[in-house]
Amino acid sequence: MQRFLRGPGIYILILAIIIIMAQLWGTPTEAPLEIEYSTLVTDINNGKITSINITGNEVTGRYATTGRQFKAYVPPMLMTAFGDFVDSKAQQGLINLTTAPEPQPSIWLSLLPFIILIGIMLVFWFVFAQQAQGGGNRVMSFGKSRAKMHTDDRKRVTFNDVAGADEEKQELKEVVEFLKSPRKFLELGARIPKGVLLIGPPGTGKTLLAKAVAGEAGVPFFSISGSDFVEMFVGVGAARVRDLFDQAKKNSPCIVFIDEIDAVGRHRGAGLGGGHDEREQTLNQLLVEMDGFSDNEGIIVMAATNRPDILDPALLRPGRFDRHVVVGAPDVKGREEIMKVHSKGKPLAPDVDLKVLAKRTPGFTGADIENMLNEAAILAARNGKKIITMQELEEAITRVIAGPEKRSRIVSEKDKKLVAYHEAGHAVVAKLLPNADPVHEVSIIPRGMAGGYTMTLPEEDQYYVSREKLLDRITELLGGRAAESLIMNDVSTGASNDIEKATSMARKMITEYGMSDVIGPITLGTKEEEVFLGRDLGSYRNYSEKVAALVDGEIKHIVEESYKKAENLLRNNINKLHKVAQALMEKEKLGEQEFNEVFASA
């Protein structure tokens, strides 16, 4: 009923009422002519009226000449005389007389307007009462937790649905054991962990791991975002924390999962102006609920964040978040397992090799891999294929990294030649450098924000990078600018992003990695941000102007030496540069095998 009245039903009801009222109280198009008693008698005598109907004291009929309907009222004292008068006229055959008993009005017909009016009032009262009640509920529900409780076994996620995180799953399996059989731990005096904090970059599967823990344990799972606690009203966040743990106690043992906890668990006292009191009250209540005077037996709080550096220390101590599980990007084996999970239900061609794809996707998170496989399926459907081939998967990897191709963009021959030599410079320098990654693909087709790209991929996952590799990477970045200068005798704005990356890499080598012979193995600058500047506004310089001048000189030296090295490599291999650039202008894109063949033939 409520849904009917909130939708188009209320308008249909009002329209029906208006039609009924118009039928009841509407007037006909031509109202009967009301005449006096004396006029009625005169017209009967003159023969203008030949047919009348008497109903009580009311006389109706039509004029014989015009056909106009009339109505007249006979006074009660004259009714007897009028009756004798029309009887005599009827006996003479001058008029046609009919009589009917005086109608008794139906009680329901007389009450119908009042019934309709009362019905309208009841309808509007019901609607307004529901709205007022809903508004009151909304006002009173500000302090209610917005956590969603998941207990549906049909959609249960288990550790089998999580791939590429073996160590993380092993850490969390103990939490499941605590929930399933706490007795064997309690007999040894072990205390159940009160909190597990999942730390890692976005898309690595922190939320999925929390769901898998709840699915494996078979216990209720409450999920809420950190931003759902704080509202514009003071005290709402703390009230919601209390209500959340009250619900959890009623359903214990259970898991409470707070996603993006950094929204409510930031360091107290941080922020311009001394902090946010409402957020701090919410955090204080969360600290008390997790480890205060009241016991929360059977409640495990899990949280996820990619900014552990800004969380309050009181939240991270043992007794609150006892375990910190780092969920990083998967290695090559983990990526292959993740691809197997996300490729279920997708028809892959027989030549698709997930091991090869795993090697070509270093740094991809679980979300990136899922997106890559989905993009490949969309590309296959767009091309009218029934199966997904390596061609779509390779294109999907490039789309995730660099964005979609823009083949419709019109590029002049001059710009096309410039981009071809620029990208050929990157590729040739990368091929000639001993520590550079192998060239995977070179293209002059605009993609994303770039007019072209040279993709180099490592043969294996790299966790540490040497000084020589960083220098070769800077040289590779400057290869495009060096090729422009050699061939065009001019430079363009196309190398701005390369120069920016090279300069940033050189600065980190000196200030963070201690790779400068002049400065030495010293870290310059501090990462201990000022609390009253919000802990987010960047670090401050803790070295003198003299050292700053040395840093600038070292950056300039590294970049210039790398540029000269790239220029010399291209000058000594100018035929290879021309050959690769010509192939790019003809084919627009060169894969790894094609590039190696062109490079070797020069």
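If you check an unreviewed UniProt entry, the protein chain appears there as ATP-dependent zinc metalloprotease FtsH from Mahella australiensis. UniProt's Subunit (unreviewed entry) comment on the protein chain is quoted here verbatim: "Homohexamer." The UniProt entry for the protein chain carries the following text under Function (unreviewed entry): "Acts as a processive, ATP-dependent zinc metallopeptidase for both cytoplasmic and membrane proteins. Plays a role in the quality control of integral membrane proteins."

Student: Where do I start with the sheet that holds strand β12 (residues 439-443) in this structure?
Tutor: Within a beta sheet, neighbouring strands are joined by backbone hydrogen bonds and run either parallel or antiparallel to one another. Spatially, β13-β12-β14 is the arrangement adopted by the 3 strands of the open sheet, whose pairing is antiparallel. Since the sheet does not close on itself, it has two edges, and those belong to β13 (453-456) and β14 (589-591), each with one partner. The sheet shows a mean angle of 10 degrees between the axes of neighbouring strands, direction not considered. Pairing of β12 with β13 involves 4 bridges; the strand directions are antiparallel. In the strand pairing of β13, Val442 is matched with Thr454. Contacting β12, β13 and β14, helix α15 (residues 390-402) runs over the sheet at an angle of about 110 degrees to β13. Helix-sheet contacts for helix α22 (residues 592-601) involve β12 and β14, and the interaxial angle to β14 is about 95 degrees.

Student: Mind showing me how you'd approach the confidence of the model for the protein chain here?
Tutor: Caution applies to low-pLDDT regions: their predicted coordinates should not be interpreted in detail. Overall, the predicted model of the protein chain reaches an average pLDDT of 80, with 82% of residues at or above 70. The lowest-confidence element of the protein chain is helix α1 (residues 2-6), averaging 51 in pLDDT; the highest-confidence one is helix α17 (residues 467-477), averaging 94. Segment residues 134-140: pLDDT under 50, and 1 contact once partners within four positions in sequence are set aside and those in other chains are kept. pLDDT under 50 marks residues 529-537. Its contacts with residues more than four places away, or in other chains, come to 21 contacts.

Student: How should I be thinking about the pattern of salt bridges in this particular structure?
Tutor: Pairing between side chains of opposite charge can happen when the charged atoms of each approach one another. Under the criterion given, the structure shown has 18 salt bridges. A salt bridge links Glu375 to Arg399, with the shortest nitrogen-to-oxygen separation between them at 3.3 Å. Here the residue Glu375 occupies a position in helix α14 (residues 366-382), and Arg399 occupies one in helix α15, the gap between them amounting to 24 residues. Each of the two residues, Glu375 as well as Arg399, counts as buried. Several salt bridges share partner residues, and in doing so they unite Glu171, Glu174 and Arg323 into one network.

Student: Is there a simple way to explain the packing of aromatic side chains in this structure?
Tutor: The geometry of an aromatic ring pair comes down to the distance between the two centres and the angle between the two planes. Counted according to the given criterion, the structure contains 3 aromatic pairs. On the numbers, 5.5 Å between centres and 55 degrees between planes, the contact of Tyr63 with Phe70 is tilted. Each member of the pair Tyr63 and Phe70 is classed as buried. Plain terms: the ring middles of Phe595 and Phe599 are 5.9 Å apart, the flat faces sit at 40 degrees to each other, and that makes the pair tilted. Linking Phe595 with Phe599, this pair stays in helix α22, spanning 4 residues, or about one helical turn. Of the residues examined, Phe599 reaches a relative accessible area of 10% and is grouped as buried. For Lys576, the ring lying beneath its charged end belongs to Phe599, and the centroid distance is 4.4 Å.

The rules we used
Numbers given for residues are sequential positions, taken from 1 along each chain in its written order. Totals for whole chains, interfaces and linings use all residues, but because this is a predicted model, local features are given only for residues with pLDDT of at least 70 and pairs of side-chain atoms are given and counted only at 80 or more. The side-chain numbers reported here are obtained from all heavy atoms of the structure, hydrogens and water having been left aside. UniProt positions are given in the numbering used here, feature names are shortened, and annotations may be inferred rather than shown by experiment. Each pair of strands is called paired provided DSSP finds at least two bridges between the two strands. The helix and strand labels rest on DSSP assignments: H or I over at least four residues marks a helix, E over at least two residues marks a strand, and numbering proceeds from the N terminus. Fitted lines through C-alpha atoms give the axes, limited to the stretch in contact for helices. The angle between two N-to-C directions lies from 0 to 180 degrees. Should any heavy atoms of two residues lie within 4.5 Å, those residues are considered in contact. pLDDT measures the predictor's confidence residue by residue and takes values from 0 up to 100. Salt bridges are counted wherever a side-chain nitrogen of Lys or Arg sits within 4 Å of a carboxyl oxygen of Asp or Glu. Any residue under 20% of the maximum accessible area for its type is buried, any over 50% is exposed, and the rest in between are partly exposed; the area is computed with a 1.4 Å probe on protein chains only. Centres within 6.5 Å are what make two rings of Phe, Tyr or Trp a pair, Trp counting through its six-membered ring; a difference in plane orientation under 30 degrees is then read as stacked, over 60 as edge-to-face, and the rest as tilted. Only when the NZ atom of a Lys or the CZ atom of an Arg is both within 6 Å of the ring centre and within 35 degrees of the ring normal do we say a charge sits over the ring.

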